[in-house]
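Spelled out from the first residue to the last, the chains are:
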Amino acid sequence: MRIWLDGALRDADSAQVSVFDHGLTVGDGVFETLKAERGKAFALTRHLERLTRSARGLGLPDPDHDEVRRACAAVLEANPVPLGRLRITYTGGVSPLGSDRGEAAPTLVVAVGETTRRPDTTAVITVPWVRNERSAVTGLKTTSYAENVVALAAAARAGASEALFANTVGRLCEGTGSNVFVVLDGELHTPPVASGCLAGITRALVVEWAGAKETGLPFEALREAEEIFLTSTLRDVQAVHRVDGHTPSAAVPGPVTAEAMRIFDARSGEDLDP
């Protein structure tokens, strides 16, 4: 494997980041995960824009979009895979131990790993932990991912692929690495960004292309929904066939979900950088 690190491609065994990198010591970093098919990254412009918003939210310098594009192209050329998980990581760089950031330049890493297409349907669980919609890092895609690791491990133990969170006021929010959509009375809804969820790239495209409404919903809407699906970079649109022990009332995937799948597949196939 060849990895881009701070301006150049390197072999995986020589691509080393300092043990004093702030991304490692305190999680002071941001990242993006992109789908790559046949050497091409999907929705790269949108991901770069969100990477910059996240970096600004942490007070990091804006990433150089031209450099990141070069890095992504070089990594994909050096590691040809039919379907890949392309990850851009951008951290505070070498810093003193503690929360204060040092004077070094940020660290940029781009890597890709081969993956496979997700199943059309999946099981999810709900968890007792909440998203803080008033956090200083709400809406930022940071490398501080420990609470997602814990929740996703709980999902795996329950035979599910995702865990869903409420926010602090009991509203439906998001998954550990996905956004959630529900069908109520035949209409498609997803929580608004104000709920504390990440402004997902696939989420935004589904809202635009399938006409979903951004609606504040109680967490209990998961039990009332006729259909539920998840969206994320590598899930695209994925139907949910079970929440905890509960099954949505419609066949899975239901008609609204199936149409969202069809639209997303068609539109994303027409334009790699929508």
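Our structure is the block above this text.
Residues numbered from 1 in each chain as written. Predicted model: local features only at pLDDT ≥ 70, side-chain atom pairs only at ≥ 80, totals over all residues. Heavy atoms only, no water.

Undergrad: Explain the overall build of the protein chain residue by residue, including any values.
TA: Helix and strand counts for the protein chain stand at seven helices and 14 strands. A globule of 274 residues ought to have a C-alpha radius of gyration of about 19 Å, and the protein chain, at 19 Å, matches this closely. Expressed along its principal axes, the backbone C-alpha trace of the protein chain runs to roughly 55 × 40 × 30 Å. The buried share of the protein chain, taken over its 274 residues, is 47%. In the structure as shown, the protein chain presents an accessible area of about 12,500 Å², 52% of it carried by carbon and sulfur atoms. Averaging the coordinates of the 28 positive side-chain charges in the protein chain and doing the same for the 36 negative ones gives two points 1 Å apart. (Helix = DSSP H or I, 4+ residues; strand = E, 2+ residues; numbered from the N terminus. Rg over C-alpha atoms; globule rule 2.2 N^0.38 Å. Buried < 20%, exposed > 50% of the residue type's maximum accessible area, 1.4 Å probe, protein only. Areas by Shrake-Rupley, 256 points an atom, 1.4 Å probe, with all protein chains shown as cover. Lys, Arg positive; Asp, Glu negative; His and termini not counted. Charge placed at Lys NZ, Arg CZ, Asp CG, Glu CD.)

Undergrad: Kindly report on the pattern of salt bridges, identifying the contributing residues and their values.
TA: By the definition in use, this model includes 15 salt bridges. Taking the shortest distance from any N to any O, the salt bridge between Arg118 and Asp120 comes out at 2.9 Å. For Asp120, a relative accessible area of 39% puts it in the partly exposed group. Residue Asp244 is joined to Arg223 by a salt bridge in which the shortest nitrogen-to-oxygen separation is 3.9 Å. (Salt bridge = Lys/Arg side-chain N within 4 Å of Asp/Glu carboxyl O.)

Undergrad: Tell me about the sheet that holds strand S7 (residues 121-131), residues and numbers included.
TA: Strand order in the open sheet made by the eight strands is S9-S8-S7-S14-S13-S10-S11-S12, with mixed pairing throughout. The open sheet has two edge strands, strand S9 (172-175) and strand S12 (213-214), and neither has a second partner. Running over the sheet, helix H5 (residues 201-210) touches strand S10 (179-184), strand S11 (187-190), S12, strand S13 (227-232) and strand S14 (236-243) and is turned about 125° from S13. Running over the sheet, helix H7 (residues 255-270) touches S10, S11, S13 and S14 and is turned about 160° from S14. (Pairing = 2+ DSSP bridges. Contact = heavy atoms within 4.5 Å. Axes fitted to C-alpha atoms, helices over the stretch in contact; angles between N-to-C directions.)

Undergrad: Run through the environment of Pro63, naming residues and quoting values.
TA: Take Pro63: it is sitting in the loop between helix H2 (44-58) and helix H3 (65-78). Each residue touching Pro63, except ones within four places of it in the same chain, is listed here: Leu51, Thr52, Ala55, Val68 and Tyr90.

Undergrad: Could you give an account of the pairing of strand S2 (residues 8-11), with specific residues and numbers?
TA: When strand S1 (residues 2-5) meets S2, the two strands line up antiparallel, connected through four bridges. The residue of S2 that forms the bridge with Leu5 is Ala8. Between S1 and S2, which pair antiparallel and follow one another directly, the connecting turn spans two residues, one of which, Asp6, has a positive phi of 45°.

Undergrad: Any chance you could break down the sheet that holds strand S3 (residues 29-37) for me, citing the residues and the numbers?
TA: The strands that make up a sheet pair up through hydrogen bonds in the backbone, lying either parallel or antiparallel. The sheet built from six strands is open, its strands ordered S2-S1-S6-S5-S3-S4 with antiparallel pairing. Each having just a single partner strand, S2 and strand S4 (40-41) make up the two edges of the open sheet. Contacts from H2 reach S3, S4 and strand S5 (83-91) within the one sheet, and its direction differs from that of S3 by about 170°.

Undergrad: Give a description of H7 that names residues and reports values.
TA: Within an α-helix, residues lying three or four positions from one another point in the same direction, as the helix has 3.6 residues per turn. When the terminal C-alpha atoms of H7 are compared, their 23 Å separation across 16 residues agrees well with the 22 Å that a helix rising 1.5 Å per residue should span. Considering only its buried residues, H7 is in contact with H5, S13 and S14. (Expected span 1.5 Å × (residues − 1).)

Undergrad: Summarise the nonpolar core; cite the residues concerned and give the values.
TA: Counting residues in each nonpolar core, the largest one holds 23 residues, and the members touching the most others are Trp4, Cys72, Leu86, Ile88, Tyr90, Leu108 and Val110. Contributions of two or more residues to this core are made by S3, H2, H3, S5 and strand S6 (107-114). Here the element with the most residues in this core is H3; it accounts for six residues. Other than its neighbours up to four places away in sequence, Leu86 contacts Glu32, Thr33, Leu34, Ala41, Cys72, Val75, Leu76, Val110, Ala111 and Val112. Residues Val183, Ile201, Ala212 and Ala260 belong to the second largest nonpolar core, which totals 18 residues. (Core = buried A, V, L, I, M, F, W, Y, C linked by side-chain atoms within 4.5 Å.)

Undergrad: Explain the pairing of S9 residue by residue, including any values.
TA: As paired elements, strand S8 (residues 162-167) and S9 share three bridges and run antiparallel to each other. Counted as the bridge partner of Ala166 is Leu172 from S9.

Undergrad: Describe a negative patch on the surface, naming the residues involved and giving the relevant values.
TA: There is a patch of like negative charges on the surface, built from Glu49, Glu270, Asp271 and Asp273. If you trace the backbone, Glu49 turns up in helix H2. (Patch = residues over 30% accessible without salt bridge, like charges linked within 9 Å, V, L, I, M, F, W, Y side chains within 5 Å.)

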